[in-house]
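Remarks on the overall topology
Below are the chains, spelled out letter by letter.
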Amino acid sequence: MNKFIIGISGLITFIAIVIVLILSLEDLEKSSYKIGVLMTGENRLIKLDGMESGLEKLGYQLDSIEFIVEDAGDDVSKLDELAQDLLKKKPDLIVSLGGIETQVLEKNMKKIQTFIPTVFVGIAGPYELGLIKEYKSPGSYFTGVNNFHMNLSSKRLEMFTELVPNMERVYVIYSGGVDISEMSLDIVHEAALKMNVDIIEVDLNRTGALKQLEAKLINRDGILTLPSYQVELVAEEISALALRKNVPTMGIYEYEVEAGYLFSYGSMFFDQGYQAARHVSLILQGNEASDLPVELPDSIRFIINEEVRKTLAIDVNQDISKLAEKYERGSER
């Protein structure tokens, strides 16, 4: 009888230990996170690098985070399918690395009525795109960092014309059919009218747009690029044709200056990711995306390519250009 009681007690103890182990494993699983990432192409990886650095700075161990990366590889037609796959995997949150990615996510969330908190990493005009109700309290599943590039379009035109005072015409490259790009073009038109600057539109989506532009460029022209993932992808082509025609180009990002633009003015990819890590952390800690204010960029950088300036041999306003960070091949800023 005593052996029977001892056996039963041992069995109960064994079951209790198993239950404790199972619960412990569940707790361990809950201590790790699953973050979905939607991106259009390799150049967006700099944003992800920035976000990982930001998370490490906030005390996260990256090996405790599973990143599920869906990359369209510069083919935005794949984004729909990738967004659907990502939503099916039900990550704790999603990081969308640009405007087009966020718009595609929103469309697919509504389609299947599956809503996962999403942090957008540097998009222009989230309110204007209808992704949030207001900046202070987004009221939706989306929050993150507004890179402010749409609003900065008028400022960049103003800076460009003041930096190169002898410039007579500015060709403005945008993407027809891309919401943010078209809204930025409207802003530039209003600014040009006030400043009495002669601008000429170049829709990148028109067949042979860059070849036609090259044929038209003459001395004392300039090129201004507007926000668009499509324009970002052809930075090297734009740079090459501008250098062949000996005209200056004003862009947004550091890598565009490295490619051969004369100036850039905007929030950098890495910085956008680093800043967005705060939103990611707050959501992982249980906060609602709808309650987290959308932030404007912590920093805006103004960069000049000294090598291009020397190559073009054009007169540049020294009072303004001396405020820029100097990029020279092989230099460290």
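Residues numbered from 1 in each chain as written. Predicted model: local features only at pLDDT ≥ 70, side-chain atom pairs only at ≥ 80, totals over all residues. Heavy atoms only, no water.

**Considering a negative patch on the surface**
Condition: Exposure above 30% relative accessible area and no salt bridge define the residues that can form patches, which grow by joining like charges within 9 Å and nonpolar side chains of Val, Leu, Ile, Met, Phe, Trp and Tyr within 5 Å. Areas reported here follow the Shrake-Rupley algorithm with a probe of radius 1.4 Å; residue values treat only the protein chains shown as occluding. We define a salt bridge as a contact between a side-chain nitrogen of Lys or Arg and a carboxyl oxygen of Asp or Glu at a distance within 4 Å. Here Asp and Glu are counted as negative and Lys and Arg as positive; His is not counted, and neither are the chain ends. In plain terms, the charge of a residue is placed at NZ if it is Lys, CZ if Arg, CG if Asp and CD if Glu. In DSSP terms, a helix is any run of H or I states spanning at least four residues, a strand is any run of E spanning at least two, and both are numbered starting from the N terminus.
On the surface, D179, E182, D186, E190 and E201 cluster together into a negatively charged patch. With four residues, the single largest contributor to the negative patch is helix α6 (residues 179-195). Position of E182 relative to the elements: it lies in helix α6.

**A look at the environment of Y171**
The test is simple: Residues count as neighbours in contact if any of their non-hydrogen atoms are within 4.5 Å of one another.
Note that Y171 resides in strand β6 (residues 169-174). Separated by 29 residues in the primary sequence, Y171 and I200 place their C-alpha atoms 4.8 Å from one another. The contact partners of Y171, leaving out residues within four places of it in the chain, are I200, V202, L213, K216, L217, D221, G222, I223 and L224.

**With respect to the packing of helix α3 (residues 79-88) against helix α4 (residues 99-112)**
Here is the rule: Each axis is a line fitted through C-alpha atoms, and for a helix only the stretch in contact is used; angles between axes span 0 to 180 degrees, taken between their N-to-C directions. In these notes the angle categories are as follows: under 35 degrees is roughly parallel, over 145 is roughly antiparallel, 65 to 115 is roughly perpendicular, and the rest is oblique. If you view the pair so one helix is near and one far, a crossing is left-handed when the near helix is turned anticlockwise from the far one by less than a right angle, and right-handed when it is turned clockwise.
Following both chains from N to C, one finds α3 and α4 inclined at 60°, their axes separated by 9 Å at the closest point. What the angle tells us is that α3 and α4 run oblique. For the crossing formed where α3 meets α4, the hand is right-handed. For the pair formed by α3 and α4, the contact residues are L79, D80, A83, Q84 and L87 on the first element and I100, E101, V104, L105, K107, N108, M109, K111 and I112 on the second.

**Things to note about the nonpolar core**
What counts here: Here, nonpolar core means buried Ala, Val, Leu, Ile, Met, Phe, Trp, Tyr and Cys residues that are tied together by side-chain atoms lying within 4.5 Å of each other. Throughout, exposure labels follow a simple rule: accessible area from a 1.4 Å probe, protein chains only, divided by the maximum for the residue type, with under 20% read as buried, over 50% as exposed, and the rest as partly exposed.
Counting 29 residues, the largest nonpolar core has L157, L163, V170, L224 and F263 as the members making the most contacts within it. Those elements that provide at least two residues to this core are α5 (152-163), β6, α6, β10 (263-266), β11 (301-305) and α12 (306-312). Looking at which element gives the most residues to this core, the answer is α5, with five residues. If sequence neighbours within four positions are ignored, L157 has contacts with V170, V188, A191, A192, M195, V197, I199 and L224.

So, to be careful, I would describe these as geometric facts and stop short of saying anything about function.
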